[in-house]
Amino acid sequence: MITGTTQITFRLLAPHEPVPYHLLLIADPSRDMIDSYLSSSRVFIAETEGQIQGVMVIYNRTNLEVEIKNIAVEERLHGKGIGTFLIKNGIQLCRQEGVKKMYIGTANSSIGQLYLYQKLGFNIEEIRNNYFINQHYPEPIFENGIQAKHLIMLSRKL
Ligand code: ACO
């Protein structure tokens, strides 16, 4: 992707590179939750001139199904297409690997994210009621003036 004169690349984070927790924590405020899925996931980044602009964690549910567990873009760069760039590249890569289905979950309060994911072909598949109240999130989370209570799980065929 090219924004202005700047080229953005999509690549796997190498094992020796530090995990960009500052970005992952924007999408998921629980460090424990992040660590619980990182060991079975791959971390991809969107990068410009050596600077990480966005991150996406893809977790292998099975050989045929994956889940985007975390996606986050530097706050000052929101709305410039980097999230879309990450998801489209993830879809293309997983499709080439023979993966058949991709999931992504978000909160009932994440209106912009629900818009973005549906625009990229994901459909609501399941609602896990009270997920953010019962599990791993001791502090209440509010977005858009709405409490994050339920996990909306979306999916799309690849
Ligand atoms: N609020 C309102 N609109 C949004 C939001 C939002 N939070 N996120 C995306 N959109 C809209 C954009 O306005 C844009 O609309 P348009 O195509 O009609 O112009 C469209 O979605 C595409 O947006 P992008 O520019 O491709 O998305 P961006 O680069 O901002 O990345 C992301 C989206 C990753 C959600 C980013 O906003 C972000 O880092 N948010 C904070 C962390 C977060 O909430 N991550 C997702 C949690 S769920 C999970 O991780 C599985």
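Residues numbered from 1 in each chain as written. Predicted model: local features only at pLDDT ≥ 70, side-chain atom pairs only at ≥ 80, totals over all residues. Heavy atoms only, no water.

Caption draft 1: Representation of the overall build of the protein. Helix and strand counts for the protein come out as five helices and 11 strands. Whereas a compact globule of 158 residues would reach a radius of gyration of roughly 15 Å, the protein reaches 15 Å, a difference of no more than 12%. Along the first, second and third principal axes, the C-alpha set of the protein runs to 45 × 35 × 30 Å. For the protein, buried positions account for 42% of its 158 residues. Considering only intrachain contacts with a sequence separation of at least 6, the fraction spanning at least 24 residues in the protein is 64%. Looking at the protein as shown, the accessible area adds up to about 8700 Å², and 50% of this sits on carbon and sulfur atoms. Here the protein contributes 16 positively and 15 negatively charged side chains, and the mean placements of these two sets differ by 9 Å. (Helix = DSSP H or I, 4+ residues; strand = E, 2+ residues; numbered from the N terminus. Rg over C-alpha atoms; globule rule 2.2 N^0.38 Å. Buried < 20%, exposed > 50% of the residue type's maximum accessible area, 1.4 Å probe, protein only. Contact = heavy atoms within 4.5 Å. Areas by Shrake-Rupley, 256 points an atom, 1.4 Å probe, with all protein chains shown as cover. Lys, Arg positive; Asp, Glu negative; His and termini not counted. Charge placed at Lys NZ, Arg CZ, Asp CG, Glu CD.)

Caption draft 2: Representation of the site of the ligand. With respect to spatial proximity, 24 residues lie near the ligand, and among them Gly81, Thr84, Gln113, Tyr115 and Lys119 are the closest. Residue His78 places a side-chain N or O atom 3.1 Å away from an oxygen atom belonging to the ligand. Take Gly81: an N or O atom from its main chain is 2.7 Å from an oxygen atom of the ligand. In the complex, the protein chains occlude 74% of the 940 Å² of accessible area that the ligand would expose alone. At a threshold of 2 Å from the grid points, most atoms of the ligand map onto the largest pocket. Elements with a minimum of two residues in the shell around the ligand: α1 (21-27), β6 (65-73), α3 (82-96), β7 (101-107) and α4 (111-119). (Near = heavy atom within 4 Å. Polar contact = N/O pair within 3.5 Å; in protein donor to acceptor, adjacent residues only side chain to side chain. 1 Å grid on protein atoms, 1.4 Å probe; cavity = no way out; pocket = protein on both sides within 12 Å on 5 of 7 lines; lining within 4 Å. Sits in = over half its atoms within 2 Å of the grid points.)

Caption draft 3: Structural view of the layout of surface pockets. A volume near 1100 Å³ is recorded for the largest pocket. What lines the largest pocket is a set of 41 residues, and nearest its centre among them are Ala27, Ile71, Thr106, Gln113 and Tyr117. In terms of residue count, the dominant contributor to the lining of the largest pocket is β6 (seven residues). (Points joined across faces, edges and corners; volume = space filled by probe spheres on them.)

Caption draft 4: View of the pattern of salt bridges. Taken as a whole, this structure holds eight salt bridges when the rule is applied. Measuring nitrogen to oxygen at the nearest pair gives 2.8 Å for the salt bridge that ties Glu17 to Arg11. Judged by its relative accessible area of 26%, Arg11 falls in the partly exposed class. One network of salt bridges, in which partners are shared, links Arg11, Glu17 and Glu47. (Salt bridge = Lys/Arg side-chain N within 4 Å of Asp/Glu carboxyl O.)

Caption draft 5: Seen up close, helix α2 (residues 31-38). Looking at α2, one finds that the buried residues are Met33, Ile34, Tyr37 and Leu38. Projected down its long axis, α2 shows its buried positions confined to an angular sector of 130 degrees, all on one face. Summarising the contacts, the buried residues of α2 are in contact with α1, β4 (41-48), β5 (51-60), β6 and α5 (131-134). (Arc of directions from axis to C-beta.)

Caption draft 6: Seen up close, the side chain of Asn70. With respect to the helices, strands and loops of the structure, Asn70 is situated in strand β6. A distance of 3.0 Å separates a polar side-chain atom of Asn70 from the backbone oxygen of Leu24. When near neighbours in sequence (up to four residues on either side) are disregarded, Asn70 contacts Leu24, Ala27, Asp28, Ile34, Tyr37, Val55, Met56 and Val57.

Caption draft 7: Examining the side chain of Ser155 more closely. If you trace the backbone, Ser155 turns up in strand β11 (residues 151-157). With relative accessibility at 8%, the residue Ser155 sits in the buried group. A distance of 2.5 Å separates a polar atom in the side chain of Ser155 from a polar atom in the side chain of Glu125. For Ser155, the residues in contact, after removing those within four places along its chain, are Lys101, Met102, Tyr103, Gly121, Phe122, Asn123 and Glu125.

Caption draft 8: Examining the environment of Glu139 more closely. Summarising the element assignment, Glu139 is placed in the loop between α5 and β9 (142-143). With 93 residues separating them along the chain, Glu139 and Ala46 place their C-alpha atoms 30 Å apart.

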